[in-house]
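# Descriptive analysis of the structure
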Amino acid sequence: MRLFTDLAELPVELAPSAITVGKFDGVHRGHRWLLSRLVDEASSRGLEPVAVTFDRHPLSLITPGVEPEPITSLSQKIDLLAETGLGSTIVLPFDDTLAGMSPEAFVRDLLVGTLRMRLIVVGQDFRFGAKGAGDVALLRELAASCGFEIVIADDEMAEDSRSHAERRASSTWVRELLGAGEVRAAAEVLGHNHTVTGEVVHGAKRGRELGFPTANLSPELEGLIPADGVYAGWFRGGDLSAPAAISIGNNPTFDGVPRKQVEAHLIGETVDLYGLMAHVEFVERIRGMEKFDSIDALKDRMALDVVEAAETLGGSYAV
């Protein structure tokens, strides 16, 4: 997949394109269905399948402070988009110029004029242009006057594990699930396990003193951090891929621990990880964060956490 972050970087003779436009936060199943449809439709017409996205959430410029917390960083989003078979992804800087562009100018000047769009694939609730004034009805009018095709993709549905009812896959739903610690249900909506990325840094070394050393991730993480608690998951960095028991939170048994600290105990591994850029992937929540009356009680619970994490991930571990 080719990546363009500046329209000036585009080839002079850009291939005629099939385009979809969106924030693609999380690149969840709904996005993947839309992108799969784009790739198929583009292939049947000999067009370049192109995703157009933005370097930030539009609300961060329009109404700062009310934009939702992103599920994925921009770099994580690009990596996920690269898995979908796209020919190119174009990341537009969402600035005042783009925010003020009329729906007609967005389509005629940018998509058709600059990107040589011949087909657009969108969902039924697609909005575009300044203040989201453009909708599918306007898009149909512009298609007739500008000479491009439209494909309206149906919503991708998934079962809500709480209500057992069908619900449209959405970034909002994923945030709700991660906020409740329901990482397995979030993975069903995403179509992949949720992951945070960060550098392994020195911590207080309490885990090591308790017999369960942890890789502590820097607070400057990429990806939405799930609810406080202990999780089974995977630690991946460099050439290493290891099962892990992952703790998130401020560890209420000890004072002065920063909130939302992410620590991963690698099961069966004792390697120096400091300075490594690591990906921590969540599979299942084992329990919520608890305060223990004694260090011995904490150590006993940590031992059980490791056993449960290993079993959840299909392995075993003797404490």
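Computed from a predicted model, the values in this text were never measured in an experiment.

## Topic: the packing of helix 7 (residues 171–179) against helix 8 (residues 183–190)
Viewed as axis vectors pointing N to C, helix 7 and helix 8 meet at an angle of 165°, and their least axial separation amounts to 8 Å. As summarised for this structure, helix 7 and helix 8 are arranged roughly antiparallel, according to the angle between their axes. Read as a crossing pair, helix 7 and helix 8 show a hand that is left-handed. Mapping the contact onto sequence places W173, V174, L177 and L178 in helix 7 and V183, A185, A186, V189 and L190 in helix 8. Partitioning the contact of helix 7 with helix 8 into residue classes produces nine nonpolar, no polar and no charged.

## Some remarks on the pairing of strand 2 (residues 17–21)
Extensive coverage of strand 2 is indicated by the burial of five of its five residues. Covered by surrounding structure in strand 2 are S17, I19 and V21 together with A18 and T20, the residues of both alternating faces. For strand 2 and strand 3 (residues 48–54), the ladder comprises five bridges, and the chain directions are parallel. Residue pairing in the sheet places S17 in a bridge with E48 of strand 3. Running through helix 1 (residues 29–45), the crossover from strand 2 to the neighbouring parallel element strand 3 is right-handed.

## Thoughts on the environment of P103
Looking at the secondary structure, you find P103 in helix 5 (residues 103–114). Judged by its relative accessible area of 8%, P103 falls in the buried class. Beyond its immediate chain neighbours, meaning those up to four positions away, P103 contacts F128, G129, A130, A133, G134, L138 and L142.

## With respect to the sheet that holds strand 1 (residues 2–4)
Spatially, six strands are ordered 1-4-3-2-5-6 in an open sheet, and the strand pairing comes out parallel. At either margin of the open sheet sits one strand with a lone partner, and together these are strand 1 and strand 6 (149–153). On average, each strand axis in the sheet is tilted by 25° relative to the strand beside it, whichever way the strands run. In this structure, strand 5 (residues 117–123) lies alongside strand 6, joined through five bridges in parallel fashion. Bridge assignment links I120 to a residue of strand 6, and that residue is I150. Packing of helix 1 onto the sheet brings it into contact with strand 2, strand 3, strand 5 and strand 6, and relative to strand 5 it is tilted by some 155°.

## Section: the packing of helix 5 against helix 6 (residues 136–146)
Between helix 5 and helix 6, whose axes approach to 11 Å, the crossing angle comes to 45°. Taken together, the axis directions place helix 5 and helix 6 in an arrangement best described as oblique. As for how helix 5 packs across helix 6, the hand of that crossing is right-handed. Residues P103, E104, V107, R108 and V112 of helix 5 form the contact with helix 6, whose own contacting residues are L138, L139, L142, S145 and C146. Residues that form the contact of helix 5 with helix 6 fall into these classes: seven nonpolar, one polar and two charged.

## A word on the nonpolar core
If you look at the biggest cluster of nonpolar residues, it comprises 34 residues, and the most contacted ones within it are L217, F235, I246, L266 and F282. Sorting the residues of this core by element identifies helix 7, helix 8, strand 9 (195–201), strand 10 (215–217), strand 11 (229–237), strand 12 (240–249), strand 13 (261–266) and strand 14 (277–287) as the ones contributing at least two each. The contact partners of I246, leaving out residues within four places of it in the chain, are G229, V230, Y231, A232, G233, W234, V262, E263, A264, V280, E281 and F282. Membership of the second largest hydrophobic core comes to 29 residues, among which are L92, F106, L111 and V122.

## As for the pattern of salt bridges
Overall, the coordinates contain 20 salt bridges when judged by the stated rule. With a closest N to O distance of 3.2 Å, E176 and R167 form a salt bridge. When its relative accessible area of 35% is taken as the criterion, E176 is described as partly exposed. The exposure class of R167 is partly exposed, given its relative accessible area of 26%. Between E284 and R184 there is a salt bridge, and its shortest N-O distance comes to 2.5 Å. You can see E284 sitting in strand 14 and its partner R184 sitting in helix 8, a full 100 residues away along the chain. Overall, R184 belongs to the partly exposed group, its relative accessible area being 39%. A network of salt bridges, in which partner residues are shared, links R287, E290, R301, D305 and E308.

Each value, and the rule that gives it
- Residues numbered from 1 in each chain as written.
- Predicted model: local features only at pLDDT ≥ 70, side-chain atom pairs only at ≥ 80, totals over all residues.
- Heavy atoms only, no water.
- Axes fitted to C-alpha atoms, helices over the stretch in contact; angles between N-to-C directions.
- Helix = DSSP H or I, 4+ residues; strand = E, 2+ residues; numbered from the N terminus.
- Parallel < 35°, antiparallel > 145°, perpendicular 65-115°, else oblique.
- Left-handed = near helix turned anticlockwise from the far one by under 90°.
- Contact = heavy atoms within 4.5 Å.
- Nonpolar A, V, L, I, M, F, W, Y, C, P; charged D, E, K, R; others polar.
- Buried < 20%, exposed > 50% of the residue type's maximum accessible area, 1.4 Å probe, protein only.
- Pairing = 2+ DSSP bridges.
- Right-handed = clockwise from strand over helix to strand, strands pointing away.
- Core = buried A, V, L, I, M, F, W, Y, C linked by side-chain atoms within 4.5 Å.
- Salt bridge = Lys/Arg side-chain N within 4 Å of Asp/Glu carboxyl O.

In short, shape yes, function no, at least from these values alone.
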